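Each chain is listed here by its residues.
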Amino acid sequence: MLSKKITDGTEFVVFDMEWNQPLPGKAYPFDVSKLTGEIIEIGALKYVYDNGELIYKDSFSADIAPVEYTKLHYHVKKVTHKKNSDLANGSSFKSAYTTFRSFCGDAILVGWGSSDPSMLKMNLSFFDMDSKLNMFFLDLQPIFSLFAGLQGTQRSVEAAVDFYSIEKNEFFHSATADAHYTGAVFEAIFKHNKPSEVISAISSSSIDPDIPSDFSFVGPECLDSAAAFVSAEGFMSNCPLCNSVLKVKIPSFRIRKSQYALLECREHGELFARTRVKKNKAGNYYSASILRFATQNDYWLVASKKEEYDKYGEKGKPAEPVNEEATDSV
């Protein structure tokens, strides 16, 4: 299974990172697509789950001196409030990561958004280190949206802090401060909801960032949309990791120009499936499909689309009528 079972004693490391970016127009002696950001700060808090409670254990903070992007990108400088002189005061990335990895142990990494693990792996690869994290990862943002009744929307850490009336006594957009705020939101989610429901949500949403989780398929040209949808059926029938036949949890249904389904691999877990049919410049149809291991956003999306389909059919919910009086008054 790609998800992680949560039991008493399970540890979580809530972390955040800041990274510098290449300066626009500057030539570098390497392919910048291999290092789109160089990590300059890591902040983290460690928690342990015990008998329905999330208990704080320890903290970690490290400033890192970049070796490639040694001058702050204007956007990074504006957001983080750092100065160029600050970049010389950190340790090496290898030293900071080695200490951080030891701090984590076998904990589940928790972050706000899904970009930090991929950026961390990119830096490890670029600096010739083992890019496998060997830890599960949980994106807390959709978990917050689920329990705040805001499914289908993305909220910033600051919005979540405001939602739970958490005191703001540090600037946002430093790794240490954002890890602190994310940890406070994580604690609040446990305090304001049934622990069993929170555990169920995070258990099904944790992923292994060392294993691919998103897969895509572009079908051949077809004369009509029906044939284009059919062309994607083979892509949706087998697990992309082990090739076993997928079990259907929610049968495929078409609403507007998209087709949705929820599938399951016995070994690797549930997958969200979506196919969209598009037209190319020649006027022919083709399918563009994705399979990904499902998290809370995907469960909500397929469930909400299925509810809309059951109520309104393939055409979906009718568009809201235009208020002519309001239009005339503009």
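Residues numbered from 1 in each chain as written. Predicted model: local features only at pLDDT ≥ 70, side-chain atom pairs only at ≥ 80, totals over all residues. Heavy atoms only, no water.

**Digging into the pairing of strand S4 (residues 108-111)**
Filter applied, for reference: Throughout, exposure labels follow a simple rule: accessible area from a 1.4 Å probe, protein chains only, divided by the maximum for the residue type, with under 20% read as buried, over 50% as exposed, and the rest as partly exposed. The helix and strand labels rest on DSSP assignments: H or I over at least four residues marks a helix, E over at least two residues marks a strand, and numbering proceeds from the N terminus. What makes two strands pair is DSSP finding at least two bridges between them. A clockwise course of the path from the first strand over the helix to the second, judged with the strands pointing away from the viewer, identifies a crossover as right-handed.
With burial as the criterion, each face of S4 is covered, one bearing Ile 108 and Val 110 and the other bearing Leu 109 and Gly 111. Two elements, strand S1 (residues 11-20) and S4, share 3 bridges in a ladder whose sense is parallel. Directly across from Phe 12, in S4, lies its bridge partner Ile 108. Bridge count between S4 and strand S5 (residues 137-139): 3 bridges; the pairing is parallel. Looking across to S5, one finds that Leu 109 is bridged to Phe 137. The parallel pair S4 and S5 is bridged by helix H3 (residues 115-126), and the resulting crossover is right-handed.

**Topic: the packing of helix H4 (residues 140-147) against helix H6 (residues 175-192)**
How we decide: A fitted line through C-alpha atoms serves as each axis, taken over the contacting stretch for helices, and the angle formed by two N-to-C directions is quoted from 0 to 180°. To sort the angles, those under 35 degrees are grouped as roughly parallel, those over 145 as roughly antiparallel, those from 65 to 115 as roughly perpendicular, and the leftovers as oblique. Each helix crossing is assigned a hand: it is left-handed if the near helix lies turned anticlockwise from the far helix by less than a right angle, otherwise right-handed if that turn is clockwise. Whether two residues are in contact is decided by their heavy atoms, any of which lying within 4.5 Å being enough. Polar here means any residue outside two lists: the nonpolar Ala, Val, Leu, Ile, Met, Phe, Trp, Tyr, Cys and Pro, and the charged Asp, Glu, Lys and Arg; Gly therefore counts as polar.
Between H4 and H6, whose axes approach to 11 Å, the crossing angle comes to 40°. One element, H4, and the other, H6, form an angle in the oblique class. For the crossing formed where H4 meets H6, the hand is left-handed. Every residue of H6 that contacts H4 at Leu 140, Ile 143, Phe 144 and Phe 147 is listed here: Thr 182, Val 185, Phe 186 and Ile 189. Taken together, the residues of the contact of H4 with H6 break down into 7 nonpolar, 1 polar and no charged.

**Remarks on the pairing of strand S10 (residues 285-293)**
Relative to S10, strand S6 (residues 214-218) runs antiparallel, the two sharing 5 bridges. Paired with Phe 217 across the bridge in S10 is Ser 289. Strand direction decides the pairing type here: strand S9 (residues 269-279) and S10, joined by 9 bridges, are antiparallel. From the neighbouring strand, Lys 278 faces S10, where its bridge partner is Tyr 286. Counting the residues that bridge the hairpin from S9 to S10 gives 5 residues, and of these Gly 283 lies at a positive phi of roughly 90°.

**A few points about the confidence of the model for the protein chain**
Which entries qualify depends on this criterion: Residue-level confidence of the predictor is what pLDDT reports, using numbers from 0 through 100.
Overall, the predicted model of the protein chain reaches an average pLDDT of 93, with 96% of residues at or above 70. Here residues 326-330 is modelled with pLDDT under 50, and outside its nearest four sequence neighbours on either side it reaches 1 contact, counting other chains as well.

**Some thoughts on the sheet that holds strand S8 (residues 258-265)**
Strand order in the open sheet formed by 5 strands is S6-S10-S9-S8-S7, with antiparallel pairing between adjacent strands. Both outer strands of the open sheet, S6 and strand S7 (247-255), are each paired with one neighbouring strand and no more. If you compare each strand with its neighbour and ignore which way they point, the axes differ by 15° on average. Lying over the sheet, helix H9 (residues 296-312) contacts S7, S8, S9 and S10, oriented at roughly 55° with respect to S7.

**Describing the packing of H4 against helix H7 (residues 195-205)**
What describes two packed helices is the angle between their axes and the distance between those same axes. It is the contact of H4 with H7, at a shortest axis distance of 11 Å, that shows an interaxial angle of 145°. Considering the relative orientation of H4 and H7, their crossing is right-handed. Of the residues in H7, those touching H4 at Ile 143, Leu 146 and Phe 147 are Glu 197, Val 198, Ala 201, Ile 202 and Ser 205. Taken together, the residues that form the contact of H4 with H7 break down as 6 nonpolar, 1 polar and 1 charged.

**Overview of the pattern of salt bridges**
The criterion, for reference: By definition here, a salt bridge exists when the distance from a side-chain nitrogen of Lys or Arg to a carboxyl oxygen of Asp or Glu is within 4 Å.
Counted by the stated rule, this structure contains 12 salt bridges. For Lys 168, the salt bridge identified is with Glu 158, shortest N-O distance 3.2 Å. With Lys 168 in the loop between helix H5 (157-163) and H6 and Glu 158 in helix H5, this pair connects stretches of sequence that are 10 residues apart. For Lys 168, the salt bridge is made with Asp 162, and the minimal N-O distance between the two is 2.9 Å. Here Asp 162 falls in the partly exposed class, since its relative accessible area comes to 41%. Three or more residues are tied together by salt bridges with common partners; here these are Glu 41, Asp 63 and Lys 82.

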